[in-house]
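Read off the chains here:
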Amino acid sequence: MSQGIQVIGLYVRDQDEALAFYVEKLGFRVHTDVRNGDYRWLTVQHPDQPGLQLGLFAPGPPVHDAATAQTLREIVAKGAMPPLVLIVDDCRGAYERMRARGVEFTQEPIDRYGKVDAGFRDPSGNGWKLIEARR
Amino acid sequence: MGSPDTPDPRSERASQDPELLRRLLRAKDRMDAASHEHWPVRRLARVSRVSEAHFARSFKQAFGVPPHRYLLTRRIERAVALLGETELAITEIAFRTGWGSLGTFGRIFRDITGESPGEVRARARATLQDPGRVPACVLSAAHRPDLRIAVSEKRRRAADVITRPKRKEFP
């Protein structure tokens, strides 16, 4: 595929912390990690999805003034950013593995409509739904 | 996290420490996950690792409603879902959603929704029996976070309602 979405970004409170979370706890891989002065372009990707990168961006200079950066940090920490969805083959299995690695779950796996889903947050407050793929 | 440019806390919408907000969010998440449980401020403050006085004030500032009010709203949302999707008696629904007394449940329910539990159930039933509305109903149920009932069971119950029209529906 040559056209389509390549990068979708999240705001995170600390890029090192986010990197450790998405790589060590969720099993993502680092795609790009480059710095230019204060700015750090950091993206990770799901091992099964080489065409899509998830950007882990920190509010702050040079993109944001101090007040805007503060507002963004507050919004993320309040869990007010849009929901994210991670599809897995086995929700209960993924839940057990992730929980053992210290992921903060907000909802245990629940079976609804023959499909299991759970919920967790990243350290910054971004909320994810963990949904089992229909077989 | 604080910076010299942090807006003046006396200004109309004072900023809050993101680190504190993240811990307040944890208390809110815990109420969402188990709204039927008892959540005194002491317990919530412990989850957020702040003092009780600080918790209540900060939570309201962060989420727009006091923590207790937030909990009641979540409980009523669950009760509305159970009224529409199950045939549990209203007393049972009150009990399952965390109320110790049916009177309090009814009063808060009306206070929040403007209707009585019986009225909400009657409307949900009417919607359920209109075949054109079923997909939207199923869709909204699928997105409701607190639904704890399997689709097969839901269909069976829905079928019961439809195939037994003489059945007494409202307790």
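Q: What is the right way to look at the overall build of chain B in this model?
A: Secondary structure assignment for chain B yields nine helices and zero strands. Along its sequence from the N terminus, chain B presents helices and strands in the succession α-α-α-α-α-α-α-α-α. A sequence separation of at least 24 residues applies to 59% of the contacts in chain B between residues at least 6 apart. As presented, chain B carries roughly 9,600 Å² of accessible surface, and 56% of it is formed by carbon and sulfur atoms.

Q: Mind showing me how you'd approach the confidence of the model for chain B here?
A: The predicted coordinates of low-pLDDT regions are not to be read in fine detail. Residue and element names in this part refer to chain B. With 67% of its residues at a pLDDT of at least 70, chain B reaches an overall mean of 79. Taken together, the stretch residues 133-149 has pLDDT below 50 and engages in 36 contacts with residues farther than four places along the chain or on a different chain. When the criterion is pLDDT under 50, residues 160-171 qualifies, and its contacts beyond four places in sequence or with other chains add up to 17 contacts.

Q: How should I be thinking about the packing of helix H1 (residues 18-33) of chain B against helix H4 (residues 67-85) of chain B in this particular structure?
A: The packing of two helices is summarised by the inter-axis angle and the distance between the axes. All names here are of chain B. The N-to-C vectors of H1 and H4 enclose an angle of 30°; their axes lie 10 Å apart at closest approach. With respect to each other, H1 and H4 are oriented roughly parallel. The hand of the H1/H4 crossing is right-handed. Of H4, the residues touching H1 (which contributes Lys 28, Met 31 and Asp 32) are Pro 67, Tyr 70, Leu 71 and Arg 74. Considering only residue class, the contact of H1 with H4 consists of four nonpolar, no polar and three charged.

Q: Quick question: what am I supposed to make of the pattern of salt bridges here?
A: If the charged atoms of two oppositely charged side chains come close together, the side chains can form a pair. All names here are of chain A. On inspection of all chains with the given rule, the structure shows 17 salt bridges over all chains. Salt-bridge contacts for Arg 40 lead to Asp 33; the nearest nitrogen and oxygen are separated by 2.8 Å. For Arg 40, a relative accessible area of 8% translates into the label buried. Salt bridges here are not isolated pairs; linked through shared partners, they connect Asp 16, Asp 33 and Arg 40.

Q: Any chance you could explain the pairing of strand E5 (residues 84-88) of chain A here in plain terms?
A: For a regular strand, the rule is simple: side chains alternate between the two faces of the sheet. Residue and element names in this part refer to chain A. Residues Leu 84, Leu 86 and Val 88 line the buried face of E5, whereas the alternating positions Val 85 and Ile 87 sit on a face that is not buried. Of the strand pairs in this sheet, E5 and strand E8 (residues 127-132) are connected by five bridges, and their pairing is parallel. If you follow Val 88 over to E8, its bridge partner there is Glu 132.

Q: Help me understand H1(B), please; the structure alone is not making it clear to me.
A: Since the α-helix packs 3.6 residues into each turn, any two residues three or four apart lie on the same face. A rise of 1.5 Å per residue sets the reference length of H1(B), with its 16 residues, at 22 Å; its end C-alpha atoms lie 22 Å apart and thus fit the reference within 8%. Of all 16 residues in H1(B), twelve are buried, a share of seventy percent or more. Within H1(B) the residues assigned to the buried category are Pro18(B), Leu20(B), Leu21(B), Arg22(B), Arg23(B), Leu24(B), Leu25(B), Ala27(B), Lys28(B), Asp29(B), Met31(B) and Asp32(B). Of the surrounding secondary structure, the elements contacted by the buried residues of H1(B) are helix H2 (66-77), strand E6 (104-112) and strand E7 (115-121) of chain A together with helix H2 (41-48), helix H3 (52-63) and H4 of chain B. Structurally, the start of H1(B) carries an N-cap: the backbone nitrogen of Glu19(B) is 3.0 Å from a side-chain oxygen of Asp17(B).

Q: Any chance you could explain the sheet that holds E6(A) here in plain terms?
A: Each strand in a sheet pairs with its neighbour through backbone hydrogen bonds, running either in the same direction (parallel) or in the opposite one (antiparallel). Pairing is mixed in the open sheet, where four strands are placed in the order E5-E8-E7-E6 (chain A). The sheet terminates laterally at E5 and E6 of chain A, the two strands that pair on one side only. Pairs of neighbouring strands in the sheet enclose a mean axial angle of 20°, with direction left out of account. Relative to E8(A), E7(A) runs antiparallel, the two sharing five bridges. Each bridged residue has a counterpart across the sheet, and for Ala118(A) the counterpart in E8(A) is Leu130(A). Sitting on the sheet, helix H3 (residues 91-100) of chain A is in contact with E5, E6, E7 and E8 of chain A, with an inclination near 165° to E6(A). Contacting E6 and E7 of chain A, H1(B) runs over the sheet at an angle of about 25° to E6(A).

Q: Would you take a moment to explain the nonpolar core for this structure?
A: Generally speaking, soluble globular proteins have nonpolar side chains that are buried together. Core analysis: the biggest nonpolar cluster contains 26 residues, and Tyr22(A), Leu56(A), Phe120(A) and Leu130(A) have the highest contact counts within it. Listing elements by their share of this core, those giving two or more residues are helix H1 (15-25), strand E3 (39-45), strand E4 (53-57), E5, H3, E7 and E8 of chain A. Here Tyr22(A) is in contact with Leu10(A), Gly27(A), Phe28(A), Val44(A), Leu54(A), Leu56(A), Asp122(A) and Trp128(A), once residues within four sequence places are set aside. Counting 19 residues, the second largest nonpolar core, distinct from the first, contains Ala77(A), Leu20(B), Ala45(B) and Ala62(B).

Q: Just checking my understanding: could you explain the packing of aromatic side chains for this structure?
A: The description of two aromatic rings rests on the distance between their centres and on the angle between their planes. Overall, the coordinates contain 13 aromatic pairs over all chains when judged by the stated rule. Seen from their ring centres, Phe21(A) and Phe120(A) are 6.5 Å apart, and the 40° between their planes marks the pair as tilted. Linking Phe21(A) in helix H1 with Phe120(A) in strand E7, this pair joins segments that are 99 residues apart in sequence. Taking relative accessible area as the criterion, Phe21(A) reaches 5% and is therefore assigned buried. A relative accessible area of 0% places Phe120(A) in the buried class. On the numbers, 4.9 Å between centres and 55° between planes, the contact of Phe59(B) with Phe63(B) is tilted.

Parameters and conventions
Residues numbered from 1 in each chain as written. Chains lettered and ligands numbered in written order. Predicted model: local features only at pLDDT ≥ 70, side-chain atom pairs only at ≥ 80, totals over all residues. Heavy atoms only, no water. Helix = DSSP H or I, 4+ residues; strand = E, 2+ residues; numbered from the N terminus. Contact = heavy atoms within 4.5 Å. Areas by Shrake-Rupley, 256 points an atom, 1.4 Å probe, with all protein chains shown as cover. pLDDT = per-residue confidence, 0-100. Axes fitted to C-alpha atoms, helices over the stretch in contact; angles between N-to-C directions. Parallel < 35°, antiparallel > 145°, perpendicular 65-115°, else oblique. Left-handed = near helix turned anticlockwise from the far one by under 90°. Nonpolar A, V, L, I, M, F, W, Y, C, P; charged D, E, K, R; others polar. Salt bridge = Lys/Arg side-chain N within 4 Å of Asp/Glu carboxyl O. Buried < 20%, exposed > 50% of the residue type's maximum accessible area, 1.4 Å probe, protein only. Pairing = 2+ DSSP bridges. Expected span 1.5 Å × (residues − 1). Polar contact = N/O pair within 3.5 Å; in protein donor to acceptor, adjacent residues only side chain to side chain. Core = buried A, V, L, I, M, F, W, Y, C linked by side-chain atoms within 4.5 Å. Phe/Tyr/Trp six-rings, centres within 6.5 Å; stacked < 30°, edge-to-face > 60°.

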